[in-house]
Amino acid sequence: MLTRWGRALDPDAVLPEYPRPQLVRDSYLNLNGRWEYAFAEYSSDGTEPAEYDGEIVVPFSPESALSGVARQLLPDETLWYRRSVRLPDGFHREGHRVLLHFGAVDQTCRVTVNGREAGRHEGGYLPFGFDITDLLEDGAGTLVVEVQDPSDTGDRGWGKQKLKRGGIWYTAQSGIWQTVWIECVPEVHVERLTLVPHLDESCAEVTVHAAAGTARIAIHADGDVVARAESNAGQPIRIPIPDVRPWSPEDPFLYGITVELGTDRVESYVGMRSFGVGPDEDGVPRLLLNGRPYFHAGVLDQGYWSDGMYTAPSDEALVHDIATMKRLGFTMLRKHIKVEPLRWYYHCDRLGILVWQDMVNGGGPYRPEVVTAPAVLPLRLGDRRHKRFGRDDAGSRARFREETRETIEHLRNVVSIAVWVPFNEGWGQFDAADIAAEVGALDPTRTIDHASGWHDQGAGDLRSLHVYFRRFRVPRQGTRRKDPRVLVLSEYGGYNLRIDGHAFNDKDFGYRRYDSAARLGAAFARLHAGQIVPAIPRGLSATVYTQLSDVEDELNGLLTYDREVCKLPEDLVRAVNARLTSAAGPPPPTR
């Protein structure tokens, strides 16, 4: 089922946009497009196949329609990629290094250039790169990428994908699924930036990570430089910003940042905002944006596409989802158990919508008695009994901690991320209170939903509930007094409607089914008027409706899987969201 963007796809110009919006250089060679591919039995000696099977369109996984392959990689197989590359004239300058970047490869890969190993990587959701300067021959080389993916049979984070798909589990995907690209940098260059807004102090803290040198930093607004500073590599510096303009969904203003280090120059941006928890005028704990209570009217966003699976068919498609939800009146997207390409977060930053970022769950077997039973029973278990939660293996727990740290470092500079969500519905959960403390120490600028749904360990900043099969009720006042955390309804709804001609198959998984748009609309309005809106004055501070779009068997999206139909009248959704936000009080003032 192709989207409008998939139908317009040019295999020779796939996702050409610069993939790293907060660290931009003028050196960029995009390697998306046609590669050779081959499936082969797994071999520990890594012998490249003598022949390849055909062409694959990178960065779409081989399981997807847009890849041109539509074949599932199995745990006992290896997926091979190959293509030739020649650097354009003038691309590689004397004394510079050539870096090969992968946005994400699911899940384990080995990369060679001209038959020599460039490096290896494990983990399917985060970027990595290798210095290939000395592996190229006269600026040219043959790139080979060798991939294995155990999917849900492994213990790293694998998200909502499963080899035996169905229901809440979606077709497993593998291989290269984000942009592959090359850049040329000076020997000493800006490796990354850490950008921390301090709104209360009207300053931005900038750390330029590099091997050595003094960085020259300029902050600009609307094209004019408003602040300058110099700082040694690795040393944070706080740069005052005069007449600071706060970032918010109502006014998503971004300051540009230019950093020069020797002959290297990069462009970035920062938004001046703060997140936190504090009492409203009645003493009720609320989520704060820029020091004031702010209601998060959210929608669950899985980030799956009917034609590209994990990979959106175009940058325009990424914008469509965000802009549509904002037009419908939502102020937040909960990115569910997936890490998106950096351009998705950039569009959230510039368009102005808050993000709750889930970690990618995984671990051992999915245990229904732990994960499913609490949906209908008042069950809360301690999560230090690791075997019960599918986390008996110490190595698996260590890998989750590692991936959590890497995810936070990768996304730390994203302006719109307001909440980190380590665990969802007990899946792979362990020591959630300790994990929440670790996340808080690593990033004290955001709030934490340590155990979204159930098996609450009393930690984090949010008391996070999922309600699908019963009426939502605010916990009793006595219970609330004992718990100073903010009350959020982090999943609810999930109302189904099949739209013929826009469904993935003949299955229909969901929590409540309707046979017409009229009945669905009436139920949607009734749910919010009768249960959600009255709860807001009593402490409810955020909602996450399930979900943005249909995904395979799940037909509970506001949009169909191909994004062609909005199942509810847009004015109805806007009106409901307006009632939610108005019940919570006015948003922070804009400039």
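This is a predicted model, so every value here is computed, not measured.

What counts, and at which threshold
- What you see as residue numbers is a count from 1 along each chain, following the sequence as written.
- Thresholds applied to this predicted model are a pLDDT of at least 70 for local features of residues and 80 or more for the giving and counting of side-chain atom pairs; totals over whole chains, interfaces and linings are not thresholded and use all residues.
- Excluding hydrogens and water, the side-chain figures rest on all heavy atoms present in the structure.
- Strands here are runs of E lasting at least two residues and helices are runs of H or I lasting at least four, both read from the DSSP assignment and numbered beginning at the N terminus.
- What the globule rule says is 2.2 Å times the number of residues to the power 0.38, and the radius of gyration is computed from C-alpha atoms.
- A 1.4 Å probe rolled over the protein chains alone gives each residue an accessible area, and that area as a share of the maximum for its type sets the label: buried under 20%, exposed over 50%, partly exposed in between.
- Note on areas: these come from Shrake-Rupley sampling with a 1.4 Å probe, and a residue is covered only by the protein chains present in the view.
- We count Lys and Arg on the positive side and Asp and Glu on the negative side, and we leave His and both chain ends out.
- Note that the charge is assigned to NZ on lysines, CZ on arginines, CG on aspartates and CD on glutamates.
- Between any two strands, pairing holds if DSSP finds at least two bridges.
- For helices, the axis comes from a line fit to the C-alpha atoms of the stretch in contact; other axes are also lines fit to C-alpha atoms, and the angle between any two N-to-C directions lies between 0 and 180 degrees.
- Buried residues of nine kinds, namely Ala, Val, Leu, Ile, Met, Phe, Trp, Tyr and Cys, make up a nonpolar core once their side-chain atoms join them within 4.5 Å.
- Domain limits in this description derive from either an automatic procedure or a database domain assignment.
- When checking whether two residues touch, look at their non-hydrogen atoms; a contact exists if any pair is within 4.5 Å.
- Pairing of aromatic rings covers Phe, Tyr and the six-membered ring of Trp, with a centre-to-centre limit of 6.5 Å; geometry is then stacked below 30 degrees between planes, edge-to-face above 60, and tilted otherwise.

Q: Could you clarify how one ought to interpret the overall build of the chain in this entry?
A: Helix and strand content of the chain: nine helices and 34 strands. For a compact globule of 591 residues, the expected C-alpha radius of gyration is about 25 Å, and the chain comes in at 24 Å, within 12% of that figure. Counting only C-alpha atoms and orienting by the principal axes, one finds that the chain spans roughly 70 × 60 × 45 Å. Burial status across the chain gives 60% buried among its 591 residues. Carbon and sulfur atoms provide 48% of the accessible area of the chain, an area that totals close to 22800 Å². Considering the chain, the positive charge centre built from 69 side chains and the negative charge centre built from 83 side chains are found 8 Å apart.

Q: Honestly, the sheet that holds strand 15 (residues 192-198) in this entry has me stumped. Any pointers?
A: Each strand in a sheet pairs with its neighbour through backbone hydrogen bonds, running either in the same direction (parallel) or in the opposite one (antiparallel). Read across the open sheet, the three strands follow the order 15-16-19; overall the sheet is antiparallel. Where the open sheet ends on each side, the last strands, each with one partner, are strand 15 and strand 19 (237-240). Across this sheet, the average inter-strand angle for adjacent strands is 25°, counted without regard to direction. Pairing geometry for strand 15 and strand 16 (residues 203-209), over seven bridges, is antiparallel. Residue Arg192 lies in a different strand from strand 16, and its bridge partner there is His209.

Q: Just checking my understanding: could you explain the nonpolar core for this structure?
A: Burial of nonpolar side chains together is a common tendency in soluble globular proteins. Ranked by size, the top nonpolar core spans 71 residues in total, and within it Met325, Leu333, Trp344, Phe472, Ile532 and Leu540 carry the most contacts. Here this core takes five residues from helix 8 (residues 517-532), the largest share from any one element. In terms of domain composition, this core takes at least three residues from each of domain 1 (24-186) and domain 3 (292-584). Filtering out sequence-adjacent residues up to four positions away, Trp344 remains in contact with Asp301, Leu318, Ile322, Leu333, Lys335 and Val355. In terms of nonpolar packing, the next biggest core, distinct from the first, is built from 34 residues, Leu31, Val111, Val147 and Cys184 among them.

Q: Help me understand unusual backbone geometry, please; the structure alone is not making it clear to me.
A: Most peptide bonds are trans, and most residues other than glycine sit at a negative phi. Following Val58, the chain continues into Pro59 via a peptide bond in cis, with omega recorded as 15°. Its place among the elements puts Pro59 in the loop between strand 3 (54-58) and strand 4 (77-86). The amide bond that connects Thr546 to the next residue, Gln547, takes the cis arrangement and shows omega of 5°. Position of Gln547 among the secondary structure elements: in the loop between strand 34 (540-546) and helix 9 (570-583). Positive phi is not limited to glycine here, since Glu425 has a value of about 50°.

Q: In this structure, what is going on with the packing of aromatic side chains? I would like to understand it.
A: The way to describe two aromatic rings as a pair is by their centre distance and the angle between their planes. A complete count under the given rule lists 30 aromatic pairs for this structure. For the ring pair Phe253 and Tyr255, a centre distance of 5.0 Å and an interplane angle of 90° mean the geometry is edge-to-face. Like Phe253, the residue Tyr255 is buried in the burial classification. Residues Phe423 and Phe430 carry aromatic rings whose centres are separated by 5.7 Å and whose planes lie at 70° to one another, so their mutual orientation is edge-to-face. What makes Phe423 buried here is its relative accessible area of 1%. Look at Phe430 and you get buried, because its relative accessible area is 0%. Among the aromatic side chains, those forming a connected cluster through ring pairs are Tyr125, Tyr170, Trp177, Tyr304 and Tyr310.

Q: How should I be thinking about the sheet that holds strand 23 (residues 285-289) in this particular structure?
A: A sheet is described by the order of its strands in space; here three strands give the open sequence 22-23-24, paired in antiparallel fashion. The sheet terminates laterally at strand 22 (275-279) and strand 24 (292-293), the two strands that pair on one side only. Here two bridges tie strand 23 to strand 24, and the two strands are oriented antiparallel to one another. Looking at strand 24, one finds that Leu288 is bridged to Pro293.

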